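For reference, the chains in residue letters:
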Amino acid sequence: QVQLVESGGGLVQAGGSLRLSCAASGRTFSAYTMGWFRQAPGKEREFVAAIRWSAGSSYYADSVKGRFTISRDNAKNTVYLQMNSLKPEDTAVYYCATRTIAGGEYNYWGQGTQVTVSS
């Protein structure tokens, strides 16, 4: 079992920045990839960014490339999402997740944190 807890969400003006954190506990050694997803009202949940725990390689959705940065702190079992140049369309509930099998489904999820970007 892996437990994930997000924090750092809030209200920010367009063009501003916010950093989300996701603290992992439990069987963190089983995590292969850590990812961030988001879901806006009336829309499907979408992939935002991911990082491979061992290699540190990262991946981003086209919509956030150049603005968001995912990183990890192995000692703290924590993954971060630095969000810069925020846009109103970034407004969503942000979830962190992990998958224990490469290429498989994300099988552990946090409860989410609300990010609201005002115009």
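Quick look at the structure, then. Small disclaimer: the values here were computed from a predicted structure and weren't measured.

Here we take up the packing of aromatic side chains. Within the structure shown, the criterion is met by five aromatic pairs. On the numbers, 5.0 Å between centres and 55° between planes, the contact of phenylalanine 37 with tryptophan 109 is tilted. Within this pair, whereas phenylalanine 37 is found in strand E4 (residues 33-39), its partner tryptophan 109 is found in strand E10 (residues 108-109), the two being separated by 72 residues in sequence. What makes phenylalanine 37 buried here is its relative accessible area of 10%. When the ring centre of tyrosine 95 is taken as reference, the NZ or CZ atom of arginine 45 above it lies at 4.1 Å.

Okay, the state of the cysteines next. Enumeration over the complete set of coordinates arrives at one disulfide. Here cysteine 22 pairs with cysteine 96 through a disulfide, and the sulfurs are 2.1 Å apart. Of note, the bridge from cysteine 22 to cysteine 96 carries an S-S torsion of about 60° and is right-handed in sense. Of this pair, cysteine 22 sits in strand E3 (residues 18-26) while cysteine 96 sits in strand E9 (residues 92-99), and the two are 74 residues apart along the sequence. The exposure class of cysteine 22 is buried, given its relative accessible area of 0%. Residue cysteine 96 is classed as buried on the basis of its relative accessible area, which comes to 0%.

This paragraph deals with the sheet that holds strand E8 (residues 78-83). What the four strands build is an open sheet, ordered E1-E3-E8-E7; its pairing is antiparallel. The open sheet has two free edges, formed respectively by strand E1 (2-7) and strand E7 (68-73), since each of these has just one partner strand. In this sheet, neighbouring strand axes are inclined to one another by 20° on average, regardless of whether the strands run parallel or antiparallel. Alignment of E1 against E3, held across six bridges, turns out to be antiparallel. When the sheet's bridge partners are listed, serine 7 is paired in E3 with serine 21.

On to the pattern of salt bridges, then. Overall, the coordinates contain four salt bridges when judged by the stated rule. Between aspartate 62 and lysine 65 there is a salt bridge, with its nearest N and O atoms 3.2 Å apart. The exposure class of aspartate 62 is exposed, given its relative accessible area of 64%. Of the charged contacts, one joins aspartate 90 and arginine 67 as a salt bridge, the two residues approaching to 2.8 Å between their closest N and O atoms. Here the residue aspartate 90 occupies a position in the loop between E8 and E9, and arginine 67 occupies one in the loop between strand E6 (58-60) and E7, the gap between them amounting to 23 residues. Accessibility expressed as a relative area gives 0% for aspartate 90, which makes it buried. Within the structure, one salt-bridge network assembled from shared partners comprises Arg38, Glu46, Arg67 and Asp90.

Rules and cut-offs
- Residues numbered from 1 in each chain as written.
- Predicted model: local features only at pLDDT ≥ 70, side-chain atom pairs only at ≥ 80, totals over all residues.
- Heavy atoms only, no water.
- Phe/Tyr/Trp six-rings, centres within 6.5 Å; stacked < 30°, edge-to-face > 60°.
- Helix = DSSP H or I, 4+ residues; strand = E, 2+ residues; numbered from the N terminus.
- Buried < 20%, exposed > 50% of the residue type's maximum accessible area, 1.4 Å probe, protein only.
- Lys NZ or Arg CZ within 6 Å of the ring centre and 35° of its normal.
- Disulfide = S-S within 2.5 Å.
- Pairing = 2+ DSSP bridges.
- Axes fitted to C-alpha atoms, helices over the stretch in contact; angles between N-to-C directions.
- Salt bridge = Lys/Arg side-chain N within 4 Å of Asp/Glu carboxyl O.

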